[in-house]
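Structure at a glance
As a plain string of letters, each chain reads:
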Number of protein chains: 2
Amino acid sequence: MNIRDIAKKVGVSSATVSRVINQSGYVKDETKQKVLAAIEEADFVPNAIARSLSTRDSSSIGVIVPDIANEFFSSVISGMGEIAVNNQYNIVLFDTGEMQEREHQYLQMAEGQRLSGLIITPVSELDMVTRDKLIQFENKGIPVVLVDRNIKNSNLDGVFVENAAAAYKGVEALIHAGHRKIAIITGPSTSMPGKDRLKGYKAALMDYRIELKEEYIVSGDFKIIKAYERTKELLQLPDPPTAIFASNNQTSLGVLKYLTEQKLKMGRDISMVGFDQIESLKIIDYRLSTIERDAKKQGYEAMAMLIDKLSHKESKSSGRKIFVPYQVVLRGSELIK
Amino acid sequence: MNIRDIAKKVGVSSATVSRVINQSGYVKDETKQKVLAAIEEADFVPNAIARSLSTRDSSSIGVIVPDIANEFFSSVISGMGEIAVNNQYNIVLFDTGEMQEREHQYLQMAEGQRLSGLIITPVSELDMVTRDKLIQFENKGIPVVLVDRNIKNSNLDGVFVENAAAAYKGVEALIHAGHRKIAIITGPSTSMPGKDRLKGYKAALMDYRIELKEEYIVSGDFKIIKAYERTKELLQLPDPPTAIFASNNQTSLGVLKYLTEQKLKMGRDISMVGFDQIESLKIIDYRLSTIERDAKKQGYEAMAMLIDKLSHKESKSSGRKIFVPYQVVLRGSELIK
DNA sequence: TATGCATATGTAACCGGTTACATAAAGGAG
DNA sequence: CTCCTTTATGTAACCGGTTACATATGCATA
């Protein structure tokens, strides 16, 4: 069943049926009604793939994230979904699991799919393959929007948070609480948030004339397991830190996992501040101080930005950056008892 | 740039180029190498949409869930993604937000997209529109797999958990702990898990000769807000329950939200058991007893089942049901102190 | 040497829409 | 009454692949 079949039933041409379906061009009202009736009767749904081929527009937006199971990203996606559906776009979802090869693989697939646009939180800000591919996309007319992580030397548009400033304030809170031995479990040094949050940490310590200690700066990967191990190492140092700054929500959970297993109490044995809230902990009023932001809104913003580019047919980025607001919410875990 | 352009460059026909790309039919190795070189040089990626139109197969699988921000579903999706990518399928994601109209809207879109298959957690088990649409899909050769929620009178294949039995055990734990005044905050009565978990609750009380009290059975919607309100109402009853059974993870969070705000302590002021774990609470060893299962695995199973149907070209369901294992993990919140 | 099969490649129709262009009728202006 | 514009509809090419069918060659077998 296709538009030609419908056309035959009604006794018009396929062009007329197409016009009715798309409400384009001139169609006599009487004809229109007959066509609509035939479509209704045949329970006909036009083939979006054929339409895409013809119009060179898939009405699908690719969304590439590093970890859907991370509540930050699932909230972001949830926000994006609402805007997308209101604008008749589908979301084609890819989860890289922070793996570069998989990111490349997805970008390859995305290219074949002739997606209308792409929203991506890249694994690394230094990955040339990804960068070149994204720039290529924009050159081909497929706009790109970055979420949360930038790409070096690219001036791609994106929606971010002021990582360095936010981390600075988080660390500052620890300093104000009296800490001098403050450690950080970083994110990957290849990702912008990883790097910038570390930058904020260092800036805070320097501003307060606290010496940077190499062994207090340990590298994580934004995942629970490694953060858990790093915490263990930190607390087993001859001169362990009295406070830890965790670079994202998964990192916070890794720290908490170790503390919990060792029956160490936050605020007594160790203090901490984390980046990104953890909703269920907020609900039970678990006193973890975190830097918070509206993830869902970040999703809205990103999708809205992409659709804006799409509707203005401006595929090229111009280094536009939206920064969503953040808040340092102190709940006591930064204190020393 | 298309296969005809490549063909021209090499001096062969488009059919040969197509054969090289798809590794189908006979192609002399020498020719093959020349074609591959031309593809490489032109940085050519074949148009998947044209391919889809021609083969009537989009290599995309629609996934419709009621709430991605719920960690159960984000884990399920994460599991599905891994299997999908290994089998060269894309995931087209739709989040209904538990809204029927939106579900219908998505199913309509899905139909136009000519998806290869569909995995859905329907909002309601009674929705005729959804049911008919899904059956229609299978009749058209698009296999369907249900996740977590069944559809009445449909014999669609799916991956579920033994809701009634699991809920029974959860409630039984409360009874063993000495409770007699046990309330339940249900899920929607129109969803299978909602209904069956209530069934399990009732069965447990009956088996232990505990009278069912109307006012202890309050209806929720699997969301935090309503569960919060229901908890408030329950605890303000003249004769309040001493324990609550929460029908899903969001419901548990709603209960906890109220308890926390009122500074009520679990195990002292009220006891509870919830359905579905909450990972971050487990990490901090928050002593909430829950019925647990491997959500990611449920995602694997569902996607594997769909791909199995796809590869056997059997679009029709045969009422095949996989049940993932569950565990009642008691951590103390079921006790009375 | 004739026959048959495997190998290799090309031709062209087809998938199901969209749309530029052609054609024609109707209505309004001069 | 002629000319122009607006309305209405059809024809056919096009989007970029796939693939049935036709054709041709090489080589083995009888």
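Not measured: the values here are computed from a predicted model.

1. A word on the overall build of chain A
The helix and strand tally for chain A stands at 13 helices and 12 strands. Its C-alpha atoms give chain A a radius of gyration of 25 Å, more than 25% over the compact-globule value 20 Å for 337 residues. Counting all 337 residues of chain A, 54% fall into the buried class. Taking as baseline every contact in chain A between residues at least 6 positions apart, the subset at least 24 positions apart corresponds to 72%.

2. A look at the relation of the copies chain B and chain A
Once chain B is rotated about the relating axis by 180° and shifted along it by 0.0 Å, it coincides with chain A to within an RMSD of 0.0 Å. What we have between these two chains is a two-fold relation. Taking the C-alpha atom as reference, chain B places V92(B) closest to the rotation axis, 2.2 Å from it. The share of interface residues of chain B whose copies in chain A are also at the interface is 100%, consistent with both copies meeting through the same surface.

3. Comments concerning the protein's contact with DNA strand D
Taken together, 28 residues are adjacent to DNA strand D, and R19(A), Y26(A), T31(A), R4(B) and S18(B) come closest. Atoms of DNA strand D within 4 Å of the protein belong to the sugar or the phosphate in 60% of instances, the rest to bases. The separation between a base nitrogen of DNA strand D and a polar side-chain atom of R4(B) is 2.3 Å. Per element, the largest residue contribution to the surface near DNA strand D is 5 residues, and it comes from helix α4 (residues 48-55) of chain B. Class assignment of the residues belonging to the surface near DNA strand D gives a composition of 11 nonpolar, 11 polar and 6 charged.

4. A few points about the protein's contact with DNA strand C
Around DNA strand C, the structure places 28 residues, and the nearest of them are R4(A), S18(A), R19(B), Y26(B) and T31(B). Counted by atom, the contact set of DNA strand C within 4 Å of the protein is 60% sugar and phosphate. Within the contact set of DNA strand C, a phosphate oxygen lies 2.7 Å away from a backbone nitrogen or oxygen of K28(B). Counting residues per element, the ones that place at least two in the surface near DNA strand C are α1 (3-10), α2 (14-22) and α4 (48-55) of chain A together with α2 (14-22) and α4 of chain B. Taken together, the residues of the surface near DNA strand C break down into 11 nonpolar, 11 polar and 6 charged.

5. Let's talk about the domain arrangement of chain A
Domain parsing of chain A yields domain 1 (3-46), domain 2 (59-161 + 295-326) and domain 3 (163-292). Each of domain 1 of chain A and domain 2 of chain A has a C-alpha centre, and the two are 37 Å apart.

6. Here's the deal with the pairing of strand β6 (residues 182-186) of chain A
All names here are of chain A. Along β6, 5 of the 5 residues are buried, which leaves the element largely enclosed by surrounding structure. Here β6 shows two buried faces, one formed by I182, I184 and T186 and the other by A183 and I185. One ladder, built from 3 bridges, connects β6 with strand β7 (residues 217-219); its direction is parallel. Pairing of I184 across the sheet is with I217, part of β7. Regarding the hand of the β-α-β motif, the stretch spanning β6, helix α9 (residues 192-207) and β7 is right-handed.

7. Considerations on the pattern of salt bridges
Where charged atoms from two side chains of opposite charge approach closely, those side chains can pair. Overall, the coordinates contain 46 salt bridges over all chains when judged by the stated rule. The residue E261(A) makes a salt bridge to K257(A) at a minimum N-O spacing of 3.7 Å. Of this pair, E261(A) and K257(A) both sit in helix α11 (residues 249-261), 4 residues apart, which is roughly one turn of that helix. Residue class for K257(A) comes out partly exposed when judged on its relative accessible area of 27%. For the salt bridge of R293(B) with D276(B), the shortest nitrogen-to-oxygen distance reads 2.8 Å. Placement of the pair is R293(B) in strand β10 (residues 289-293) and D276(B) in the loop between β9 (271-275) and α12 (279-283), with a sequence separation of 17 residues. Like D276(B), R293(B) is buried. In this structure, a network of salt bridges that share partners links the residues K181(A), K213(A), E215(A) and D239(A).

8. Thoughts on the sheet that holds β6(A)
Two strands in a sheet stick together by hydrogen bonds in their backbones, pointing the same way (parallel) or opposite ways (antiparallel). All names here are of chain A. The 6 strands lie next to each other as β7-β6-β8-β9-β10-β12, forming an open sheet whose pairing is mixed. Both outer strands of the open sheet, β7 and β12 (326-329), are each paired with one neighbouring strand and no more. For this sheet, the mean inter-axis angle between neighbouring strands, taken without regard to orientation, is 15°. Sheet topology places β6 next to strand β8 (residues 243-246); 4 bridges connect them, and they run parallel.

9. Regarding the pairing of strand β10 (residues 289-293) of chain A
Residue and element names in this part refer to chain A. The buried fraction of β10 is high, at 5 of 5 residues. Burial along β10 is two-sided: S289, I291 and R293 and T290 and E292, pointing in opposite directions, are all buried. Across 3 bridges, strand β9 (residues 271-275) lies against β10 in parallel orientation. Looking at the pairing, F275 lines up with I291 of β10. Judged from the 4 bridges that link them, β10 and β12 form a sheet pairing that is antiparallel. Residue pairing across strands places I291 opposite V328, the latter belonging to β12.

Basis of the calculations
Residues numbered from 1 in each chain as written. Chains lettered and ligands numbered in written order. Predicted model: local features only at pLDDT ≥ 70, side-chain atom pairs only at ≥ 80, totals over all residues. Heavy atoms only, no water. Helix = DSSP H or I, 4+ residues; strand = E, 2+ residues; numbered from the N terminus. Rg over C-alpha atoms; globule rule 2.2 N^0.38 Å. Buried < 20%, exposed > 50% of the residue type's maximum accessible area, 1.4 Å probe, protein only. Contact = heavy atoms within 4.5 Å. Least-squares fit on C-alpha atoms with pLDDT ≥ 70 in both. Near = heavy atom within 4 Å. Polar contact = N/O pair within 3.5 Å; in protein donor to acceptor, adjacent residues only side chain to side chain. Nonpolar A, V, L, I, M, F, W, Y, C, P; charged D, E, K, R; others polar. Domains from an automatic or database assignment. Pairing = 2+ DSSP bridges. Right-handed = clockwise from strand over helix to strand, strands pointing away. Salt bridge = Lys/Arg side-chain N within 4 Å of Asp/Glu carboxyl O. Axes fitted to C-alpha atoms, helices over the stretch in contact; angles between N-to-C directions.

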